[in-house]
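Here's the letter readout for the chains.
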Amino acid sequence: MKEYSPEAIRNVSFIGHGACGKTMLTEALLFAMKAIDRMGSIDEGTTHSDFTKEEIERKSSIATSLLTAEYKDHKFNLLDTPGFSDFIGEVKGALHVSDFAMTVVHGVSGLEVVTEQVWQFATDDAVPRGFFVNQMDKENANFDAVLEQLENTFGNTAAIHYAVNPGVAFNQVIDVLGQKLLTFEKGGKTTKGDVPADLQDKAAELRETLMERAAEADDDLLEKYFDAGELTQDEILKGLKAGIRNGTLHPVLCGAAVPQFGMQELAQFLIDYAPSPEEMGIETGKVPETGEDVELKPDANAPSAALVFKTTTEAHIGEMSYMRVYSGTIRSGDELANTSAGGMEKINQMYFSQGKERKGVDHVSAGDMGVLVKLKNTHTGDTLCDPAHKVLIEEPHFPEPGIRAAVIAGGGDEDKLGEGLQILQKADPTFNVTFDPELKQTILSGQGDAQFAVILSRLKERFGVQAHLVEPRIPYRETIKTKAEAEGKHKKQSGGRGQFGLAWLRIEPMPRGEGYEFVDEIVGGAIPRQFIPAVDKGVQETMTKGVVAGYPVVDVKVTVFDGKYHTVDSDEFSFKMAGSIGFKEAVKNSKTVILEPVYEVEIKVPQENMGDVMGDISSRRGKVASMDSEGKWQLIKATIPLAELYKYANTLRSLTSGRGMHRRKFSHYEEVPGDIQAKLVEEHEKEKAEG
Ligand SMILES: Nc1nc2c(ncn2[C@@H]2O[C@H](COP(=O)(O)OP(=O)(O)OP(=O)(O)O)[C@@H](O)[C@H]2O)c(=O)[nH]1
Ligand SMILES: [Mg+2]
């Protein structure tokens, strides 16, 4: 293995809408760079990137793959990301460690929902970015239309290549900078010729745009351009590079991954224009204790620091931690500090990754990426570093889970289910698993149905657990609306010593969220002091079990104000029973209501979908609190009962062609409507009857 200095490394993510061809493009690029000797295909499930069972079945990427190539004295780390919304968290992790984001656009469909979303992620993360318009060989491919769309939506585009004959006969592009016609042949060969007469105006016009945009990237160049009306080839190159590095200029390339047209050119573009770790410069980390800034230089001899941006778990291997080294050199045998989780990690085997395949290495140096295995306690987002120079590198921010479901293990294999989910969760920070002791259900929260389907498939495949999903139970509450009193009497006479306790209780509603209060108003020893806590205990135990529908009773003040006892028969147990019976009776004498959790929901949708989304909110018993427009988006804040939010993310996506997003958090408890209360009480009666 050659040594690559940070100037010679390119860390590039491929991002974009599902099925635009990211996986095929990385495959074709690897093949063009001779990093693989056989070009795989999606249909046959043989690409280096989509190698898991689920990816092969779905013919679509689920996770980011790290692919590696060495080409023309450069080292490439290519990150092929998924384009399906449920797996978009993977894009965030990949962008976080990339120095360039190649946004792949479908040559027929053009801009799609996820294209805009991931572009925004790259912009937010300040990752230099450009476009590759793929599938130029498809019928109805239209480069002009896509280019115009990109310019209108994102601005500052500059065509590097121009597709001459998009469509099934596609084989030619104009190299705008060189003003040459490139003809692609099967087998990856490109021949260079002159631009035909009828395209010379077009070619010149595109070069003019390129020059203008290059000039705008640099003040000196702009001055020169104004004065002379012209830049030299070298100046254009310099301007292009600067504009791309600053994220102000968006180069547009094109080609076709499957017939492998434009791959050498894409590789050369990445060498010439994609910023290297050296050009991206210093990454700022923080001293863990003080929060002071630390400069991480992309220098192989500096103290080492790396970020784990992705974790997978594989049978026979265990956990694999994908890292980018920001500074220094990480060697096998090193003892590194994990400044995020605490503790030390011993580095054993290390690898370069080719999707499923790996190549052992003994070190990974600044700017490069690699895979560590069998770390003890290191997870996605953690920093590993020289223990003498502790630093924390900012971790990627993953999307919050938007949908929930309860997982039920077939055959009652709850232990295996829990273990499997825990392992899968380590590899995917975009879903959570919790056991809810109140609902007695394992709750999965994540990004969408497709993600859940993959989780279920892996549970079966790897852990032998057949599991299915159901709607989670709702943590309803019971409470009272009126003051009431009742006598609670426990009396038992069976042979020897009897049992006797009697307590009079008064219950009163308390404000929402106040919980429970117990007041002792016993005077003159109607109940002996030592038994009063037993009354309280009896009340509380009954409260947790519920009275009318089996849900915990809340927001009640309970006063014990009178009672009776027997010198021989009374004991703690009898008064506990008296408290319990008295409480149940008092609740029956009061007006009871069932409360449901209501969530505060923030919804972001395109303006044009407002009507549908608002209608849907009201059909879910939601109340809109505010609406604000933000460009072409509407932000709606509403409160919606949890019982109406099951699979809301899916509904929102289908109402908005995938654009809508929402966030939720618990707000408060509110009375359920009468019909729902009646239904819940009836269900409870039925359950009780069935035992
Ligand atoms: N004709 C033609 N087909 C292509 C081209 N690129 C990709 N395809 C096909 O388009 C389909 C989707 O390609 P993928 O590479 O899986 O697309 P992707 O962007 O990785 O999709 P996700 O992983 O789902 O986000 C596959 O059937 C590919 O064979 C191309 O340039 N020309
Ligand atoms: Mg893919």
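Because the structure is a prediction, the values reported are computed rather than measured.

## Concerning the packing of helix H1 (residues 22-32) against helix H9 (residues 263-273)
One can describe the packing of H1 onto H9 by two numbers: an axis separation of 9 Å at closest approach and a directional angle of 85 degrees. With respect to H9, the axis of H1 lies roughly perpendicular. Within the contact between the two elements, H1 uses Leu25, Ala28, Leu29 and Ala32 and H9 uses Met263, Gln264, Leu266, Ala267 and Leu270. The class makeup of the residues in the contact of H1 with H9 is 8 nonpolar, 1 polar and no charged.

## Focus: the site of ligand 1
As a matter of local geometry, ligand 1 sits amid 20 residues, with Lys22, Ser60, Ser61, Asp137 and Ala257 nearest to it. In the environment of ligand 1, an oxygen atom lies 2.8 Å from a nitrogen or oxygen atom belonging to the backbone of Ser61. Contact distances for ligand 1 include 3.1 Å between a nitrogen atom and a side-chain N or O atom of Asn134. Computed on the free molecule, ligand 1 has an accessible area of 650 Å², of which 87% lies beneath the protein chains in the complex.

## A word on the sheet that holds strand S9 (residues 180-185)
Taken in spatial order, the 4 strands line up as S7-S8-S9-S10 in an open sheet, and their pairing is antiparallel. Where the open sheet ends on each side, the last strands, each with one partner, are strand S7 (161-163) and strand S10 (189-194). Here the average twist between neighbouring strands, direction ignored, is 30 degrees. In terms of strand pairing, S9 meets S10 through 6 bridges, oriented antiparallel. Note that in S10 the partner of Glu185 across the bridge is Lys189.

## Structural notes on the coordination of the magnesium ion (ligand 2)
Metal coordination angles in their ideal form are 109.5 degrees for the four-donor tetrahedron and 90 or 180 degrees for the six-donor octahedron. Thr23 (OG1) and Ser61 (OG) make up the full set of protein donors to the magnesium ion (ligand 2), lying at 2.0 Å. In this pair, Thr23 is assigned in helix H1 and Ser61 in the loop between helix H2 (53-58) and strand S2 (65-71), connecting sequence segments 38 residues apart. Relative accessible area serves as the criterion here: at 7%, Thr23 is assigned to the buried category.

## Comments concerning the state of the cysteines
Here the structure, examined in full by the defined rule, presents 0 disulfides. No disulfide involves Cys254; its sulfur sits 15 Å from the nearest other cysteine sulfur, which is in Cys20.

## Points about the domain arrangement of the protein chain
Each assigned domain of the protein chain is listed with its residue range as follows: domain 1 (6-279), domain 2 (283-385), domain 3 (403-470), domain 4 (477-590) and domain 5 (595-675). Each of domain 2 and domain 4 has a C-alpha centre, and the two are 60 Å apart.

## A word on the sheet that holds strand S27 (residues 467-470)
A sheet is described by the order of its strands in space; here 4 strands give the open sequence S25-S26-S24-S27, paired in antiparallel fashion. Each edge of the open sheet is held by one strand with a lone partner, namely strand S25 (432-436) and S27. The average angle at which neighbouring strand axes cross in this sheet is 35 degrees, direction not considered. Sheet topology note: the strand S24 (residues 403-409)/strand S26 (residues 441-446) ladder contains 5 bridges and is antiparallel. Bridge pairing in S26 places Ala405 opposite Leu444.

## A short note on the nonpolar core
Judged by nonpolar contacts, the single largest core of 75 residues is most densely connected at Met102, Phe143, Leu150, Leu240, Phe269 and Leu270. Not counting residues up to four positions away in its chain, the partners in contact with Leu240 are Ile160, Leu177, Leu210, Ala214, Leu249 and Tyr273. Core analysis: the next-biggest nonpolar cluster, separate from the first, contains 48 residues, Tyr551, Val605, Ile617 and Ala638 among them.

## Focus on the pairing of S26
Here S26 lies mainly inside the structure; 6 of its 6 residues are buried. With burial as the criterion, each face of S26 is covered, one bearing Gln441, Ile443 and Ser445 and the other bearing Thr442, Leu444 and Gly446. Both S25 and S26 contribute to a ladder of 5 bridges, which runs antiparallel. In the sheet register, Phe435 faces S26, and the bridge partner there is Thr442. Linking S25 to S26, which pair antiparallel, is a turn of 4 residues; within it Lys440 sits at a positive phi near 55 degrees.

Calculation notes
Numbering of residues begins from 1 in every chain and follows the order in which that chain's sequence is written. As they are written, the chains are lettered A onward and the ligands numbered 1 onward, keeping that order. The predicted origin of the model limits local features to residues at a pLDDT of at least 70 and limits the giving and counting of side-chain atom pairs to 80 or more, whereas totals for whole chains, interfaces and linings rest on all residues. To obtain the side-chain values, all non-hydrogen atoms of the structure were included, while hydrogens and water were left out. Axis definition: a line fitted to C-alpha atoms, over the contacting stretch in the case of helices. Angles run 0 to 180 degrees between N-to-C directions. Secondary structure counts use DSSP, requiring at least four H or I residues in a row for a helix and at least two E residues in a row for a strand, with both numbered from the N terminus. Any angle that is under 35 degrees is reported as roughly parallel, and any over 145 degrees as roughly antiparallel; angles of 65 to 115 degrees are reported as roughly perpendicular and all others as oblique. The contact rule is simple, with two residues in contact once any of their heavy atoms fall within 4.5 Å. Note on residue classes: Ala, Val, Leu, Ile, Met, Phe, Trp, Tyr, Cys and Pro are nonpolar, Asp, Glu, Lys and Arg are charged, and everything else, Gly too, is polar. The nearness test applies per residue and asks whether one of its heavy atoms lies within 4 Å of the molecule or strand. Counted as a polar contact is a pair of N or O atoms within 3.5 Å, where, for protein atoms, one must be capable of donating a hydrogen and the other of accepting one, and residues adjacent in sequence contribute only when both atoms are in side chains. Residue burial considers only the protein chains on display, and all accessible areas are found by Shrake-Rupley using a 1.4 Å probe. At least two DSSP bridges between two strands are needed for those strands to be called paired. Coordinating N, O and S atoms are those within 2.8 Å of the metal (3.2 Å for Na, K and Ca), and as water is not part of the atoms, a site may appear to have fewer donors than expected. Only protein chains enter the accessibility calculation, which uses a 1.4 Å probe. A residue is then buried if its area is under 20% of the maximum for its type, exposed if over 50%, and partly exposed in between. The rule for a disulfide is simple: a pair of cysteine sulfur atoms within 2.5 Å. Bear in mind that the domain bounds are from an automatic or database domain assignment. Joining through side-chain atoms within 4.5 Å is the link that ties buried Ala, Val, Leu, Ile, Met, Phe, Trp, Tyr and Cys residues into a set, and such a set is a nonpolar core.

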